[in-house]
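Notes for the structure review
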Amino acid sequence: RFNLDHYFCYQGEKGATVDLRSMPLRELGDKPILVKNLYTWLTKNKSKAIAVGAMRTLSTIYSNAMALDKELPLNPVRSKGGVVKLHKLPKRKTRIQEDEFKSWADLFMTMNNPIRRALRLFLLLTGQREEATCKMRWEHIDFRPGKESIHFPDPKGGPDAAFDLPLSPAVVEILKFVKTFSEE
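Cut-offs and rules
- Residues numbered from 1 in each chain as written.
- Predicted model: local features only at pLDDT ≥ 70, side-chain atom pairs only at ≥ 80, totals over all residues.
- Heavy atoms only, no water.
- Salt bridge = Lys/Arg side-chain N within 4 Å of Asp/Glu carboxyl O.
- Helix = DSSP H or I, 4+ residues; strand = E, 2+ residues; numbered from the N terminus.
- Buried < 20%, exposed > 50% of the residue type's maximum accessible area, 1.4 Å probe, protein only.
- Contact = heavy atoms within 4.5 Å.
- Expected span 1.5 Å × (residues − 1).
- Arc of directions from axis to C-beta.
- Axes fitted to C-alpha atoms, helices over the stretch in contact; angles between N-to-C directions.
- Parallel < 35°, antiparallel > 145°, perpendicular 65-115°, else oblique.
- Nonpolar A, V, L, I, M, F, W, Y, C, P; charged D, E, K, R; others polar.
- Core = buried A, V, L, I, M, F, W, Y, C linked by side-chain atoms within 4.5 Å.
- Polar contact = N/O pair within 3.5 Å; in protein donor to acceptor, adjacent residues only side chain to side chain.

**Description of the pattern of salt bridges**
By the definition in use, this model includes 7 salt bridges. Of the charged contacts in the structure, one is a salt bridge between Arg120 and Glu130, with a shortest N-O distance of 3.3 Å. Here Arg120, found in helix α6 (residues 114–126), pairs with Glu130, found in helix α7 (residues 130–134); they are 10 residues apart in sequence, far enough to count as distant. Under the relative-accessibility criterion, Arg120 is labelled partly exposed at 27%. Residue class for Glu130 comes out partly exposed when judged on its relative accessible area of 34%. Measuring nitrogen to oxygen at the nearest pair gives 2.6 Å for the salt bridge that ties Asp142 to Arg144. Its relative accessible area of 18% is what places Asp142 among the buried residues.

The structure is reproduced here in structure tokens:
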């Protein structure tokens, strides 16, 4: 919703405002140059990352609409030979720097919800994705001494990328702590 509200209205040629928010998708499909112009404008006036994010939003909306209306023109963002070639963005490097860790830990300790606090600590100690972690089930966890592990049957890469994660003693204690709450 944010992308739609903030990035789908821009200054076109000769200063005219172009508002794609209320434009029928069929018109965008028939006039893909409007999408290309938006992408170019966002890249120039906002950033490459915002331009790519806006195109991904538009592409998702358009693809979902195509599933409902088979007569829509090809997706102007994703179609073969489409009008937009998305920028390659560098991977984000969002790790906690050593000098930031103390303030993060202080903030972490102020969390009122012990389950949320345990989740954050689990993510920090395992490096797992939050989405995959929240899908974990107790039956996927092996607490047997010497065999402590979690099986991730459907990670981001799909079932073919399933894996087992060995657990450190600290992570085992976190999981046991959380389990006490689930048994209440």
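**Focus: the environment of Lys36**
Note on placement: Lys36 falls in helix α3 (residues 32–45). The exposure class assigned to Lys36 is partly exposed, which follows from its relative accessible area of 39%. Sequence-wise, Lys36 and Val77 are 41 residues apart; in three dimensions their C-alpha atoms are separated by 8.4 Å. Sequence-distant contacts of Lys36, that is, excluding residues within four places in its chain, are made with Val83 and Val84.

**Some words on helix α4 (residues 48–68)**
Its 21 residues place the ends of α4 31 Å apart at the C-alpha level, agreeing with the 30 Å of an ideal helix rising 1.5 Å per residue. Of all the positions in α4, only Ala51, Val52, Ala54, Met55, Leu58, Ser59, Tyr62 and Ala65 are classed as buried. Across the axial projection of α4, the buried residues extend over an arc of 160°, all falling on one side. Opposite the packed face of α4, turned more than 90 degrees from it, sit the exposed residues Arg56, Asn64, Ala67 and Leu68.

**Quick look at the packing of α3 against α4**
Axis separation between α3 and α4 bottoms out at 7 Å; the angle between their running directions is 150°. Our classification of the angle between α3 and α4 gives roughly antiparallel. Residue-level inspection shows Val35, Leu38, Tyr39, Leu42 and Thr43 of α3 in contact with α4, the latter providing Lys48, Ile50, Ala51, Val52, Ala54, Met55 and Leu58. Residues of the contact of α3 with α4, tallied by class, amount to 10 nonpolar, 1 polar and 1 charged.

**A look at the nonpolar core**
Core analysis: the biggest nonpolar cluster contains 19 residues, and Phe8, Leu20, Leu28, Val35, Leu38 and Met55 have the highest contact counts within it. Residue contacts for Met55: discarding those within four places in its chain leaves Val35, Leu38, Tyr39, Val77, Val84 and Leu86.

**Notes on the side chain of Asp142**
Relative to the helices and strands, Asp142 is located in strand β3 (residues 141–142). At a separation of 2.6 Å, a polar atom in the side chain of Asp142 contacts the side chain of Arg144.

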